[in-house]
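One letter stands for each residue in the lines below.
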Amino acid sequence: MALMAGAALLAGTASAQQAPPPHAAAKPFQVTSPNGVRDDHYYWLRDDTRKNPEMLAYLAAENAYADAQLASLKPLQTRLFDETVAHIKQDDSSVPYRKNGYWYGSRYATGASYPILERHKGAATAPAEMLFDQPAMAIGHNFFALSAWAVSPDNRLVAWAEDVVGRRQYVLHVKDLATGAPMADTIANIEPDIVWADDNRTVLYVEKDPVTLRGYRVKAHVLGTPVANDTLLYEEKNDTYQMGLERTSDDKFICIAVETTVSDEQRCAPAAAPRVFTVVAPRRREFRYSSDHLGARWIIRTNKDAKNYKLVTVADADLGKGTAAWRDLTPASDTVFIEQFKPFQGFVAIDQREGGNRMIRLLDDAGASLPVKADEPAYRMALDVNEEPATSWVRYTYGSLVTPTTTYEVNAKTGERRVLKVSPVPGYDPAKYVTERVWVPARDGTRVPVSLVYARTTKRDGTAPLFQYAYGSYGISTDPGVDPGRIGLLDRGFVYAIAHIRGGQEMGRGWYDDGHLLNKKNSFTDFIDVTRYLVAHGYGAKGRVAALGGSAGGLLMGGVANMAPADYKLIIAQVPFVDVVTTMLDASIPLTTFEYDEWGNPAQKRYYDYMLSYSPYDNVAAKAYPALYVGTGLWDSQVQYYEPTKWVAKLREMKTDSNPLLFRVNMEAGHGGKSGRFERFRQNAEWQAFMLQQLGTAG
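The rules behind the values
- Residues numbered from 1 in each chain as written.
- Predicted model: local features only at pLDDT ≥ 70, side-chain atom pairs only at ≥ 80, totals over all residues.
- Heavy atoms only, no water.
- Helix = DSSP H or I, 4+ residues; strand = E, 2+ residues; numbered from the N terminus.
- Buried < 20%, exposed > 50% of the residue type's maximum accessible area, 1.4 Å probe, protein only.
- Contact = heavy atoms within 4.5 Å.
- Lys, Arg positive; Asp, Glu negative; His and termini not counted.
- Salt bridge = Lys/Arg side-chain N within 4 Å of Asp/Glu carboxyl O.
- Polar contact = N/O pair within 3.5 Å; in protein donor to acceptor, adjacent residues only side chain to side chain.
- Pairing = 2+ DSSP bridges.
- Phe/Tyr/Trp six-rings, centres within 6.5 Å; stacked < 30°, edge-to-face > 60°.
- Lys NZ or Arg CZ within 6 Å of the ring centre and 35° of its normal.
- Axes fitted to C-alpha atoms, helices over the stretch in contact; angles between N-to-C directions.
- Expected span 1.5 Å × (residues − 1).

Enquirer: I tried to follow the environment of Thr78 on my own but got confused; where do I start?
Expert: Looking at where Thr78 falls in the secondary structure, it is placed in helix H3 (residues 74-86). Take Thr78: its relative accessible area is 43%, and that puts it in the partly exposed class. Spatially, the C-alpha atom of Thr78 lies 46 Å from that of Asp609, the residues being 531 residues apart in sequence.

Take a look at the structure:
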């Protein structure tokens, strides 16, 4: 079917409520693979140039249809946005931190979408020196992101990575901090990883492949010389690996880290002469590690003989001798998962997970351990910026679904804590809300942790609207926190739930292993089982349940929509990864090869068949679906716009219900949506208004 409906809508020949939804033409196309051939009638919607007039007309028609269907909700959308902004302190500033004689911080002006980054010499109260005036830098750009920056060791220069498209193809710039004058050095298509060598003239960066956008080369650029003459320091030829670049905590070494989902390899060189890099330990499958340096030793987080990771040490002289030279600093544990660590003089700060919560433990060189305590059942601690290791004070953050993010310092010797800042949330009283942690039995008997929050006035009698979120992929855990955009929903009687489903690492590495590759369907069934449990136990009303997920969480939403459509009144899928098999068959698409260890390589039949059995696009059927709100960005580099576009087109063709299906295409953004402090909340207000309408909740 051609775009007649969309054209009529755009021409205004039908009223907003009477106009039929747009339909994309179905065009014959076959996707071939070693394991089968599949028909894909909407493959034509893929255009890597993003210039196909017919494709753009369809996206415009979908946006126009969404505009028409949501027109009556504009006042509610505005009200929701205004309520959210009222909970944001507009002239806010960060807690400054010290590095190399300067205090660094950021501040927002009232109404500004971007912060000003500045520093103070010697003391946080000294006059401010401008690093980046981001509000000014963003002028004239529909999208703007300053994603990484690094000051030279002599404090004179700053290099930064900037994106003005949204496709995460960053451009490196350098300027003189004394004069503010930009230098001529500009390097395009890099990762946002920038490191200076000690000579204050050499910048190391990661170059991206122009097609796949995979970071694959580390180069050294000497200021004032042609980019074409940049020295190649390392090239990763295995296209299943991606890479990063950083200095060690003591600034003595520069390390190149390459990784896949199941393997790491790190090579380090002196920052004074980063030319010859020593491999910390050679890569092998199911072997992961990361290292840092302080004093005369390296500290390494590894899963060698420790599924949930442990810390080991190795002397400088033994670096490069492999794991035989490693000595345990912490034991392996079946219940404690080590997330990350930070070395200090005399102790190590350990960021770990236990019982579904993220917490901090301080381990001194004598082996004494000091856990940092918490008072709530579901919470999140995390190491904050700690740039100077010669201190007894460790900075960390604490928060929960009720408690706003609070920045603390804790003394490793005495255990004394002091509050540096409580993130302000105007008009919010934590005492009015309750947070819980419940454990839901999944269908295979596994207990799934769920974090809950609701207003004290909300009754647990099975009448409340339930809003459930999850991600559950890549071993990424979802930690609780106060969100200004959620407060208005809680005040309207919502129960909000984070389902910590398998595929994350909330319960350790095994939690991830049980939710990826040939176990991926556990993520979907966990989410569904959590919904059914919460409804059965009075946390939500049957028929008043909404679900949200984005990116790989959008895959979750697509799977749930196919597997249990009757359990949800509304599903919101943002930038969803829904065309699993076709994407994973195409190595030219950004991220594909890196993700073989997450989803499987469909060139192998067992993975092909399994992925095909749950891929949302391939499993759309002629049946009733809940109301759907789908969002994407035309310039998305992580999940290409055509995945959700094809999914929506096929749903419009196949679904048998009359429930609304809205597709919002952001024509000027990538994976994270539009840039700017308030834009996320402005975009969220649209689907929130739609959710309130669908769940029958008063605006």
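Enquirer: Got a minute to help me understand the environment of Arg447 in this structure?
Expert: Inspection of the secondary structure assignment puts Arg447 in strand S31 (residues 447-455). Among all residues touching Arg447, those that are not within four sequence positions of it are Trp439, Val440 and Trp511.

Enquirer: Any chance you could explain the side chain of Glu376 here in plain terms?
Expert: Within the secondary structure, Glu376 sits in the loop between strand S25 (369-371) and strand S26 (380-383). Buried charge without a partner: Glu376 forms no salt bridge, and the closest opposite charge is Arg456, 8.5 Å away. At 3.0 Å, the side chain of Glu376 and the side chain of Thr403 are in polar contact. Look past the residues within four positions of Glu376 in its chain and what remains in contact with it is Tyr398, Ser400, Val402, Thr403 and Thr435.

Enquirer: Help me understand the sheet that holds strand S15 (residues 253-259), please; the structure alone is not making it clear to me.
Expert: Adjacent strands of a sheet form backbone hydrogen bonds with each other and so pair up, either parallel or antiparallel. The 4 strands are arranged S14-S15-S16-S17 in an open sheet whose pairing can be described as antiparallel. Edge strands, defined here as strands with exactly one partner in the open sheet, are strand S14 (242-247) and strand S17 (278-279). Bridge count between strand S16 (residues 264-270) and S17: 2 bridges; the pairing is antiparallel. Bridge pairing in S17 places Arg267 opposite Val279.

Enquirer: Honestly, the packing of aromatic side chains in this entry has me stumped. Any pointers?
Expert: Between two aromatic rings, the relevant description is the distance of the centres plus the angle of the planes. In the structure shown here, the tally under the stated rule is 26 aromatic pairs. Taken together, the ring pairs in this structure connect Tyr97, Tyr102, Tyr104, Phe132, Trp149 and Trp160 into an aromatic cluster. The aromatic ring of Trp160 is capped on one face by Lys175, whose charged end is 5.8 Å from the ring centroid. Residue placement shows Arg284 over the ring face of Phe287; its charged tip is 4.2 Å from the ring centre.

Enquirer: Can you help me understand the sheet that holds strand S6 (residues 128-133) in this one?
Expert: Strand order across the open sheet formed by 4 strands is S3-S4-S5-S6, with antiparallel pairing between neighbours. Sheet topology places strand S3 (97-99) and S6 at the edges, where each strand pairs with a single neighbour. On average, adjacent strands in this sheet sit at an angle of 30° to one another, irrespective of strand direction. Sheet topology note: the strand S4 (residues 102-107)/strand S5 (residues 116-121) ladder contains 6 bridges and is antiparallel. Counted as the bridge partner of Ser106 is Leu117 from S5.

Enquirer: Would you mind showing me how to read the pairing of strand S30 (residues 433-441) here?
Expert: Along a regular strand, successive side chains alternate from one face of the sheet to the other. Most of S30 sits out of view: 7 of its 9 residues are buried. The pairing of S30 with S31 spans 9 bridges and is classified as antiparallel. Across the sheet, residue Trp439 finds its bridge partner in S31, namely Pro449. Hairpin remark: S30 followed by S31, antiparallel, with 5 residues in the connecting loop; positive phi at Gly445, about 95°.

Enquirer: For this particular structure, what's the right way to read helix H12 (residues 642-654)?
Expert: Helical periodicity: at 3.6 residues per turn, an α-helix aligns residues three or four positions apart in one direction. Taking 1.5 Å as the rise per residue, H12 with 13 residues should run 18 Å; its terminal C-alpha atoms sit 18 Å apart, in good agreement. The buried count for H12 comes to 11 of 13 residues, which makes it a mostly enclosed element. Buried residues of H12: Tyr642, Glu643, Pro644, Thr645, Lys646, Trp647, Val648, Ala649, Lys650, Leu651 and Arg652, and no others. Against the buried residues of H12 lie helix H2 (53-70), helix H8 (552-563), strand S35 (570-574), helix H9 (580-584), strand S36 (627-633) and strand S37 (661-666).

These results come straight from atomic positions and should not be treated as a statement about function.
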